[in-house]
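# Remarks on the overall topology
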Amino acid sequence: MRNPEEYFLEKYSRQIIMEQVGVEGQKKINNSSICIIGCGGLGTSAAQYLSMSGIGKLIFIDHDSIVLSNLNRQTLFTEKDIGKSKCEVLTKKIKNINKSITVNYYQKKINENNIDQYIENCSIVLDCTDNFESRLLINKFCHNKKKILVSAALQNFDIQAFIFSSWSNNKNPCYKCIFPDLTTTENQSCDEMGIIASVAGLGGIIQANLALNYILKLHNNFKELILLDSVRLDIKKIKIEKNKNCKVCC
Ligand SMILES: [Zn+2]
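Quick summary incoming for the structure in this document. All values reported here derive from a predicted model rather than from experimental measurement.

So, how was this worked out
Residues numbered from 1 in each chain as written. Predicted model: local features only at pLDDT ≥ 70, side-chain atom pairs only at ≥ 80, totals over all residues. Helix = DSSP H or I, 4+ residues; strand = E, 2+ residues; numbered from the N terminus. Expected span 1.5 Å × (residues − 1). Buried ≥ 20, exposed ≤ 12 C-beta atoms within 10 Å, placed from the backbone. Arc of directions from axis to C-beta. Contact = placed C-beta atoms within 7 Å. Pairing = 2+ DSSP bridges. Right-handed = clockwise from strand over helix to strand, strands pointing away. Axes fitted to C-alpha atoms, helices over the stretch in contact; angles between N-to-C directions. Parallel < 35°, antiparallel > 145°, perpendicular 65-115°, else oblique. Left-handed = near helix turned anticlockwise from the far one by under 90°. Nonpolar A, V, L, I, M, F, W, Y, C, P; charged D, E, K, R; others polar.

### Remarks on helix 4 (residues 41-53)
An α-helical turn contains 3.6 residues, so any two residues separated by three or four positions project in the same direction. An ideal rise of 1.5 Å per residue puts 18 Å on 13 residues; helix 4 measures up with 19 Å between its terminal C-alpha atoms. Helix 4 sits mainly inside the fold: eleven of its 13 residues count as buried. Those residues of helix 4 not exposed but buried are Gly41, Leu42, Gly43, Thr44, Ser45, Ala46, Ala47, Gln48, Leu50, Ser51 and Ser53. Of the residues one or two after helix 4, Gly54 is the one with positive phi, at around 105°.

### So, unusual backbone geometry
Here the phi dihedral of Lys146 falls at roughly 55°; this positive angle occurs in a residue that is not glycine. Turning to its location among the elements, Lys146 is positioned in the loop between helix 7 (132-144) and strand 5 (148-155). Judged by the 11 C-beta atoms lying within 10 Å of it, Lys146 is exposed. Here the phi dihedral of Lys217 falls at roughly 55°; this positive angle occurs in a residue that is not glycine. Tracing the backbone shows Lys217 in the loop between helix 10 (197-215) and strand 7 (224-229).

### Details of helix 3 (residues 22-30)
Every buried residue belonging to helix 3 is among Gly25, Gln26 and Ile29, and all of these are buried. Along the axis of helix 3, the buried residues cluster in a sector spanning 100°; they form a single face. Those residues of helix 3 that are buried are in contact with helix 2 (13-16), helix 4 and helix 10.

### Things to note about the environment of Asn111
Assignment of secondary structure puts Asn111 in the loop between strand 3 (102-106) and helix 6 (115-119). For the pair Asn111 and Ala208, spaced 97 residues apart in the sequence, the C-alpha separation amounts to 24 Å.

### Brief notes about the pairing of strand 5
Most of strand 5 sits inside the fold, with seven of its eight residues counted as buried. Of the strand pairs in this sheet, strand 4 (residues 124-127) and strand 5 are connected by four bridges, and their pairing is parallel. Within strand 5, the position partnered with Ile124 by the bridge is Ile148. Where the polypeptide runs from strand 4 across helix 7 and back to strand 5, its parallel neighbour, the crossover connection is right-handed. Bridge analysis of strand 5 against strand 6 (residues 158-164) gives seven bridges, and the strand direction is antiparallel. The residue of strand 6 that forms the bridge with Val150 is Ile163. Between the end of strand 5 and the start of strand 6, which pair antiparallel, lie two residues, with Asn156 showing a positive phi angle near 55°.

### Digging into the pairing of strand 7
Both strand 6 and strand 7 contribute to a ladder of four bridges, which runs antiparallel. When the sheet's bridge partners are listed, Asp158 is paired in strand 7 with Asp229. Relative to strand 8 (residues 234-239), strand 7 is paired through six bridges, and the arrangement is antiparallel. Bridge pairing in strand 8 places Leu228 opposite Ile235. Adjacent in sequence and paired antiparallel, strand 7 and strand 8 are bridged by four residues, among which Leu233 carries a positive phi angle near 55°.

### A short note on the sheet that holds strand 8
Overall, mixed pairing links the eight strands, which are arranged 3-2-1-4-5-6-7-8 in an open sheet. Pairing within the sheet leaves two strands with one partner each, and these edge strands are strand 3 and strand 8. The average undirected angle you get between the axes of adjacent strands in this sheet is 15°. Along the sheet, helix 5 (residues 86-97) contacts strand 2 (57-61) and strand 3; its crossing angle with strand 3, the most-contacted strand, is approximately 175°.

### Side note on the packing of helix 4 against helix 5
In the contact formed by helix 4 and helix 5, the axes pass within 9 Å of each other and the chain directions differ by 30°. With respect to each other, helix 4 and helix 5 are oriented roughly parallel. Two packed elements cross with a definite hand, and for helix 4 against helix 5 that hand is right-handed. Residues Thr44, Ala47, Gln48, Ser51 and Met52 of helix 4 lie in contact with helix 5, whose contacting residues are Leu90, Ile94 and Ile97. Within the contact of helix 4 with helix 5, the residues separate by chemical class into five nonpolar, three polar and no charged.

The following block contains the structure:
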(Lines give C-alpha, C1' and ligand atoms only; values in the text may rest on other atoms or scores of the structure.)
Protein backbone atom coordinates (compact mmCIF):
# COMPACT_ATOMS: atom_id res chain seq x y z
CA MET A 1 0.00 0.00 0.00
CA ARG A 2 1.47 3.36 -1.07
CA ASN A 3 1.28 6.34 1.24
CA PRO A 4 -0.12 9.59 -0.30
CA GLU A 5 3.35 10.94 -1.12
CA GLU A 6 4.37 7.69 -2.88
CA TYR A 7 1.06 7.66 -4.77
CA PHE A 8 1.63 11.25 -5.97
CA LEU A 9 5.23 10.58 -7.03
CA GLU A 10 4.34 7.41 -8.93
CA LYS A 11 1.13 8.67 -10.54
CA TYR A 12 2.80 11.75 -12.00
CA SER A 13 6.28 10.23 -12.37
CA ARG A 14 6.40 10.69 -16.17
CA GLN A 15 5.82 14.41 -15.71
CA ILE A 16 7.95 14.83 -12.58
CA ILE A 17 10.91 13.12 -14.26
CA MET A 18 11.22 16.05 -16.66
CA GLU A 19 13.58 18.83 -15.60
CA GLN A 20 11.02 21.49 -16.64
CA VAL A 21 8.38 19.99 -14.33
CA GLY A 22 9.93 18.26 -11.30
CA VAL A 23 8.11 17.87 -7.98
CA GLU A 24 7.71 21.65 -7.67
CA GLY A 25 6.11 21.95 -11.12
CA GLN A 26 3.79 19.02 -10.44
CA LYS A 27 2.71 20.66 -7.18
CA LYS A 28 1.94 23.86 -9.12
CA ILE A 29 -0.28 21.78 -11.45
CA ASN A 30 -1.99 20.12 -8.47
CA ASN A 31 -2.61 23.51 -6.84
CA SER A 32 -4.14 25.08 -9.96
CA SER A 33 -7.82 25.63 -10.60
CA ILE A 34 -9.25 26.02 -14.09
CA CYS A 35 -12.74 26.96 -15.20
CA ILE A 36 -13.93 25.40 -18.48
CA ILE A 37 -16.85 27.25 -20.05
CA GLY A 38 -18.55 25.06 -22.65
CA CYS A 39 -18.44 21.26 -22.37
CA GLY A 40 -18.59 20.40 -26.07
CA GLY A 41 -15.81 19.25 -28.41
CA LEU A 42 -13.15 21.62 -27.05
CA GLY A 43 -14.20 21.44 -23.40
CA THR A 44 -14.43 17.66 -23.08
CA SER A 45 -11.05 17.19 -24.74
CA ALA A 46 -9.32 19.87 -22.64
CA ALA A 47 -10.94 18.53 -19.43
CA GLN A 48 -9.67 15.03 -20.13
CA TYR A 49 -6.03 16.06 -20.48
CA LEU A 50 -6.08 18.63 -17.69
CA SER A 51 -7.52 16.08 -15.27
CA MET A 52 -4.92 13.47 -16.24
CA SER A 53 -2.14 16.03 -15.76
CA GLY A 54 -3.33 16.48 -12.16
CA ILE A 55 -4.96 19.94 -12.16
CA GLY A 56 -6.29 20.30 -8.61
CA LYS A 57 -9.68 21.78 -9.34
CA LEU A 58 -11.85 21.95 -12.46
CA ILE A 59 -15.07 23.90 -12.81
CA PHE A 60 -17.43 23.07 -15.70
CA ILE A 61 -20.16 25.38 -16.98
CA ASP A 62 -22.64 24.36 -19.68
CA HIS A 63 -26.42 24.61 -19.87
CA ASP A 64 -26.85 22.05 -22.67
CA SER A 65 -27.85 18.40 -22.69
CA ILE A 66 -26.16 15.72 -24.78
CA VAL A 67 -27.65 14.93 -28.20
CA LEU A 68 -26.74 12.24 -30.74
CA SER A 69 -24.97 14.66 -33.10
CA ASN A 70 -22.51 15.66 -30.32
CA LEU A 71 -21.01 12.18 -30.20
CA ASN A 72 -18.70 12.48 -33.22
CA ARG A 73 -16.42 14.85 -31.33
CA GLN A 74 -17.36 15.29 -27.67
CA THR A 75 -15.03 12.76 -26.10
CA LEU A 76 -16.23 10.90 -23.01
CA PHE A 77 -19.95 11.12 -23.98
CA THR A 78 -21.70 7.95 -25.18
CA GLU A 79 -25.18 7.03 -26.48
CA LYS A 80 -26.22 6.14 -22.91
CA ASP A 81 -25.67 9.79 -21.95
CA ILE A 82 -28.10 11.27 -24.51
CA GLY A 83 -30.56 13.64 -22.83
CA LYS A 84 -28.38 14.12 -19.74
CA SER A 85 -26.64 17.34 -18.70
CA LYS A 86 -23.24 17.76 -20.38
CA CYS A 87 -21.46 19.21 -17.36
CA GLU A 88 -22.94 16.64 -14.98
CA VAL A 89 -21.90 13.67 -17.17
CA LEU A 90 -18.47 15.21 -17.77
CA THR A 91 -17.98 15.64 -14.00
CA LYS A 92 -18.68 11.93 -13.40
CA LYS A 93 -16.36 10.82 -16.22
CA ILE A 94 -13.55 13.12 -15.09
CA LYS A 95 -13.81 11.83 -11.51
CA ASN A 96 -13.35 8.33 -12.92
CA ILE A 97 -10.20 9.47 -14.72
CA ASN A 98 -8.70 11.18 -11.66
CA LYS A 99 -10.32 10.68 -8.27
CA SER A 100 -7.82 13.03 -6.60
CA ILE A 101 -9.13 16.22 -8.18
CA THR A 102 -12.05 18.41 -7.15
CA VAL A 103 -14.71 19.04 -9.79
CA ASN A 104 -17.61 21.50 -9.53
CA TYR A 105 -20.19 22.11 -12.21
CA TYR A 106 -22.92 24.61 -13.01
CA GLN A 107 -25.64 23.73 -15.48
CA LYS A 108 -26.18 27.36 -16.42
CA LYS A 109 -25.89 29.65 -19.41
CA ILE A 110 -23.38 32.38 -18.59
CA ASN A 111 -24.51 35.99 -18.60
CA GLU A 112 -23.38 39.39 -17.28
CA ASN A 113 -24.92 38.69 -13.87
CA ASN A 114 -23.67 35.19 -13.11
CA ILE A 115 -20.24 34.79 -14.77
CA ASP A 116 -18.41 36.47 -11.86
CA GLN A 117 -19.38 33.82 -9.34
CA TYR A 118 -18.24 30.96 -11.58
CA ILE A 119 -14.80 32.29 -12.46
CA GLU A 120 -13.85 33.98 -9.18
CA ASN A 121 -12.16 30.92 -7.66
CA CYS A 122 -9.94 30.01 -10.58
CA SER A 123 -6.87 31.65 -12.07
CA ILE A 124 -7.31 30.33 -15.62
CA VAL A 125 -10.44 30.27 -17.79
CA LEU A 126 -10.76 28.09 -20.88
CA ASP A 127 -13.24 29.51 -23.36
CA CYS A 128 -14.59 26.37 -25.06
CA THR A 129 -17.82 27.98 -26.25
CA ASP A 130 -18.93 28.06 -29.86
CA ASN A 131 -20.47 31.52 -30.23
CA PHE A 132 -19.26 35.12 -30.32
CA GLU A 133 -21.73 36.36 -27.70
CA SER A 134 -20.18 34.09 -25.04
CA ARG A 135 -16.62 34.77 -26.22
CA LEU A 136 -17.03 38.53 -25.94
CA LEU A 137 -18.58 38.21 -22.48
CA ILE A 138 -15.87 35.84 -21.21
CA ASN A 139 -13.14 38.11 -22.63
CA LYS A 140 -14.55 41.16 -20.86
CA PHE A 141 -14.82 39.44 -17.49
CA CYS A 142 -11.40 37.76 -17.72
CA HIS A 143 -9.83 41.15 -18.44
CA ASN A 144 -11.69 42.90 -15.62
CA LYS A 145 -11.06 40.11 -13.09
CA LYS A 146 -7.42 39.54 -14.12
CA LYS A 147 -7.83 35.91 -15.21
CA ILE A 148 -5.66 34.15 -17.79
CA LEU A 149 -7.94 33.33 -20.73
CA VAL A 150 -7.23 30.46 -23.10
CA SER A 151 -9.44 30.71 -26.12
CA ALA A 152 -9.93 28.39 -29.09
CA ALA A 153 -12.24 28.26 -32.06
CA LEU A 154 -12.85 25.59 -34.68
CA GLN A 155 -13.87 26.01 -38.26
CA ASN A 156 -14.06 22.91 -40.44
CA PHE A 157 -10.41 21.73 -40.57
CA ASP A 158 -8.90 24.83 -38.95
CA ILE A 159 -8.14 25.68 -35.32
CA GLN A 160 -7.50 29.12 -33.88
CA ALA A 161 -6.03 29.45 -30.39
CA PHE A 162 -4.76 32.22 -28.15
CA ILE A 163 -3.66 32.68 -24.52
CA PHE A 164 -4.59 36.13 -23.24
CA SER A 165 -3.18 38.14 -20.36
CA SER A 166 -4.50 41.53 -21.48
CA TRP A 167 -4.60 42.97 -17.95
CA SER A 168 -0.94 42.32 -17.08
CA ASN A 169 0.62 45.15 -19.11
CA ASN A 170 -0.25 47.77 -21.74
CA LYS A 171 0.97 45.66 -24.67
CA ASN A 172 -0.89 42.33 -24.50
CA PRO A 173 -4.08 42.27 -26.58
CA CYS A 174 -7.48 40.88 -25.60
CA TYR A 175 -9.94 38.94 -27.80
CA LYS A 176 -11.75 42.15 -28.74
CA CYS A 177 -8.44 43.70 -29.94
CA ILE A 178 -8.22 40.94 -32.57
CA PHE A 179 -11.86 41.16 -33.61
CA PRO A 180 -12.87 44.79 -32.89
CA ASP A 181 -15.89 44.76 -35.18
CA LEU A 182 -17.34 41.51 -33.90
CA THR A 183 -20.83 41.83 -32.50
CA THR A 184 -22.92 39.42 -30.49
CA THR A 185 -25.26 38.97 -33.44
CA GLU A 186 -22.60 37.15 -35.53
CA ASN A 187 -23.35 33.81 -34.10
CA GLN A 188 -22.61 31.02 -36.51
CA SER A 189 -21.36 28.16 -34.34
CA CYS A 190 -19.20 25.19 -35.30
CA ASP A 191 -22.35 23.08 -35.20
CA GLU A 192 -23.58 24.95 -38.25
CA MET A 193 -20.20 25.00 -40.02
CA GLY A 194 -19.32 21.33 -39.50
CA ILE A 195 -16.41 19.83 -37.63
CA ILE A 196 -14.46 16.59 -37.84
CA ALA A 197 -13.84 14.57 -34.66
CA SER A 198 -10.08 14.79 -34.45
CA VAL A 199 -9.96 18.55 -35.09
CA ALA A 200 -12.22 19.26 -32.10
CA GLY A 201 -10.04 17.03 -29.90
CA LEU A 202 -6.87 18.71 -31.10
CA GLY A 203 -8.32 22.16 -30.34
CA GLY A 204 -9.02 21.16 -26.73
CA ILE A 205 -5.58 19.62 -26.36
CA ILE A 206 -3.96 22.84 -27.60
CA GLN A 207 -5.92 24.77 -24.94
CA ALA A 208 -4.88 22.31 -22.20
CA ASN A 209 -1.29 22.58 -23.40
CA LEU A 210 -1.29 26.40 -23.35
CA ALA A 211 -2.70 26.33 -19.80
CA LEU A 212 -0.08 23.83 -18.58
CA ASN A 213 2.71 25.86 -20.21
CA TYR A 214 1.47 28.88 -18.28
CA ILE A 215 1.29 27.01 -14.96
CA LEU A 216 4.79 25.62 -15.43
CA LYS A 217 6.14 28.99 -16.59
CA LEU A 218 7.35 27.47 -19.84
CA HIS A 219 6.98 29.48 -23.02
CA ASN A 220 3.84 31.58 -23.32
CA ASN A 221 3.48 34.36 -25.84
CA PHE A 222 0.47 36.53 -25.02
CA LYS A 223 0.64 38.33 -28.38
CA GLU A 224 0.39 35.38 -30.73
CA LEU A 225 -2.61 34.10 -32.65
CA ILE A 226 -2.01 30.41 -33.37
CA LEU A 227 -3.59 29.08 -36.57
CA LEU A 228 -3.45 25.37 -37.29
CA ASP A 229 -4.44 23.93 -40.66
CA SER A 230 -5.15 20.32 -39.71
CA VAL A 231 -5.13 19.08 -43.31
CA ARG A 232 -1.61 20.24 -44.13
CA LEU A 233 -0.55 20.26 -40.47
CA ASP A 234 0.77 23.79 -40.94
CA ILE A 235 0.98 26.06 -37.91
CA LYS A 236 1.07 29.82 -38.45
CA LYS A 237 1.57 32.36 -35.71
CA ILE A 238 0.43 35.93 -36.21
CA LYS A 239 1.71 38.68 -33.92
CA ILE A 240 -1.14 40.76 -32.51
CA GLU A 241 -0.69 44.14 -30.84
CA LYS A 242 -3.03 45.72 -28.33
CA ASN A 243 -5.60 47.84 -30.13
CA LYS A 244 -5.25 51.29 -28.55
CA ASN A 245 -8.93 51.93 -29.23
CA CYS A 246 -10.12 48.68 -27.69
CA LYS A 247 -13.25 49.22 -25.65
CA VAL A 248 -12.43 46.31 -23.34
CA CYS A 249 -8.73 46.51 -22.43
CA CYS A 250 -7.71 50.16 -23.08
ZN1 LIG B 1 -8.55 44.69 -26.13
